[in-house]
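Structural description and commentary
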Amino acid sequence: MNFNQRCVYIRDKKPQIVSEAMISPRAIILKGPKSVLDHGVINVADGIYACMYSDDIRYISIVTAGSDSRVLTLYCDAQSDYESLLDTIRSSCSSLTISSQNNKLNSYANSVAEKLRIGVELRIVDAKDDDDSVICPGCGVANDWNPNMPYCMECGAALNHE
């Protein structure tokens, strides 16, 4: 797919402009204006631990698997490019579990990658925006509010129910 407006690929805090994405069940290949981007080939078949997205900020974050886990983020300026990219990933990479998150996606994805680097595997769940949910100030995960357990079930931070 080609992008109508700016699409940015961020890896290790280094942004690169994406002009085209080729997506298959085995790989995501990100190309710039002249060639494949640095680290622009993402192994879908066995290299992705989680794929999360936030409609609020038009981010798609891919957390790689293994002891060198890192977060690979795609951001699209145009809503239509973002929706097309997400739909293409969903339809082409049916083996991936793709999880909806809130605008704290970046901190949550980085927290997941940190846990993977030390050998701790997590269960990724969709963020919730219910009235009985509290967003963790530490990692961004939505927790069901329970006054008897006012701590995040993901990272242990204290929760504030307002």
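Here's what I pulled together on the structure shown here. All values derive from a computational prediction rather than experimental measurement.

1. Let's talk about the environment of Ala-50
The residue Ala-50 is located in strand E5 (residues 48–54) in this model. When the C-alpha atoms of Ala-50 and Ile-62 are compared, they prove to be 5.9 Å apart, with twelve residues separating the residues in sequence. Ignoring sequence-local partners within four residues, the contact set of Ala-50 consists of Ser-61, Ile-62, Val-63 and Ile-124.

2. What about the pattern of salt bridges?
Scanning the entire structure with this criterion turns up six salt bridges. Linking Asp-68 and Arg-70 is a salt bridge whose minimum nitrogen-to-oxygen distance equals 3.0 Å. A residue is classified by how much of its surface remains accessible, and Asp-68, at 48% relative accessible area, is partly exposed. The closest approach of N and O atoms between Asp-87 and Arg-90, which form a salt bridge, is 3.7 Å. On the criterion of helical spacing, the pair formed by Asp-87 and Arg-90 is a turn pair, its members being three residues apart in helix H2 (residues 79–92). Note on Asp-87: relative accessible area 44%, which makes it partly exposed. Owing to a relative accessible area of 36%, Arg-90 belongs among the partly exposed residues under this scheme. Salt bridges sharing partners connect three or more residues here, namely Arg-11, Asp-12, Asp-68 and Arg-70.

What counts, and at which threshold
- Residues numbered from 1 in each chain as written.
- Predicted model: local features only at pLDDT ≥ 70, side-chain atom pairs only at ≥ 80, totals over all residues.
- Heavy atoms only, no water.
- Helix = DSSP H or I, 4+ residues; strand = E, 2+ residues; numbered from the N terminus.
- Contact = heavy atoms within 4.5 Å.
- Salt bridge = Lys/Arg side-chain N within 4 Å of Asp/Glu carboxyl O.
- Buried < 20%, exposed > 50% of the residue type's maximum accessible area, 1.4 Å probe, protein only.

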